[in-house]
Every structure is written in C-alpha cells, then in structure tokens.
Amino acid sequence: MLRDEDRIFKNLYNDLGWEIGFAVQRGDWLRTKDIISKGKDFIIKEVKDSELRGRGGAGFPTGLKLSFAPKEIGSRSHYLVINAD
C-alpha cells in the first residue's frame, strides 16, 4: 500500500486546506530552499534526468524547455509561462 509520505497529490481536493500555511504544515515545501540553493543548472539537469514530458500532443521534454530560459539575467524582464489547466 502507498504510504502517505510517498503520495504526490496529498491535497487533491483541498480538504486539508489550500493556503500556503497548510501546505508548509503538510511538508509540501520541505527542503525546497535546499533544492533552490543548488542553482538553476542542477534543477534543470534533475528535470531532464527524470524524463518528465509535457502533457500536450507533442509530449515535449520539460527539462529541455526549461533549458531554453536565459542563463544570464540582465535588465530585461524574463517570464516562464506555464499552462496548468
């Protein structure tokens, strides 16, 4: 049987509260700061290695899409647009 700590969607129906405070209490953000501190290149490599793909018709590799983001951030604004429908 699947253990609660191994579930991806712990709050699918928002019965445990949708606010950020409840998410933190559930441990949904556990170690996020540690992961972010490893940098963009580490995160992109992890996503590429996972072989995660988009759900669109082409199933485009998510890690590859993330790698298209600018490496250097200058004076111009940068945006990552995600369709989370």
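Keep in mind that this is a model prediction, so the values were computed, not measured. (Residues numbered from 1 in each chain as written. Predicted model: local features only at pLDDT ≥ 70, side-chain atom pairs only at ≥ 80, totals over all residues. Heavy atoms only, no water.)

Enquirer: Mind laying out the overall build of the protein, listing which residues take part and the relevant values?
Expert: What the protein contains, in helices and strands, is four helices and zero strands. Along the chain direction, N to C, the helices and strands of the protein fall in the order α-α-α-α. For 85 residues, the compact-globule estimate of 2.2 N^0.38 gives 12 Å, and the protein exceeds it by more than 25% at 16 Å. Referenced to the eigenvectors of the C-alpha coordinate spread, the extents of the protein come out at roughly 40 × 30 × 25 Å. In the protein, which comprises 85 residues, the proportion classed as buried is 9%. Look at the contacts in the protein between residues 6 or more apart in sequence, and 8% of them connect residues 24 or more apart. When the accessible surface of the protein is summed, it comes to about 8,200 Å², and 58% of that surface belongs to carbon and sulfur atoms. (Helix = DSSP H or I, 4+ residues; strand = E, 2+ residues; numbered from the N terminus. Rg over C-alpha atoms; globule rule 2.2 N^0.38 Å. Buried < 20%, exposed > 50% of the residue type's maximum accessible area, 1.4 Å probe, protein only. Contact = heavy atoms within 4.5 Å. Areas by Shrake-Rupley, 256 points an atom, 1.4 Å probe, with all protein chains shown as cover.)

Enquirer: Give a detailed account of the environment of I73, specifying residues and quantitative values.
Expert: Examined against the element boundaries, I73 turns out to sit in the segment after α4 (62–67). Excluding its chain neighbours within four sequence positions, the residues that come into contact with I73 are K40 and H78.

Enquirer: So what's going on with the packing of aromatic side chains? Residues and values would help.
Expert: The final tally for this structure, using the stated rule, is one aromatic pair. Where F60 meets F68, the ring centres are 6.3 Å apart and the plane angle is 45 degrees; that geometry is what we call tilted. (Phe/Tyr/Trp six-rings, centres within 6.5 Å; stacked < 30°, edge-to-face > 60°.)

Enquirer: So, the pattern of salt bridges: which residues are in play, and what are the values?
Expert: Using the criterion set out here, one finds two salt bridges in the structure. With a shortest N-O distance of 3.0 Å, R26 and D28 are connected by a salt bridge. A salt bridge links D49 to K45; the nearest nitrogen and oxygen atoms lie 2.6 Å apart. Placement of the pair is D49 and K45 together in helix α3 (residues 40–50), with a separation of four residues, close to one helical turn. Residue class for K45 comes out partly exposed when judged on its relative accessible area of 46%. (Salt bridge = Lys/Arg side-chain N within 4 Å of Asp/Glu carboxyl O.)

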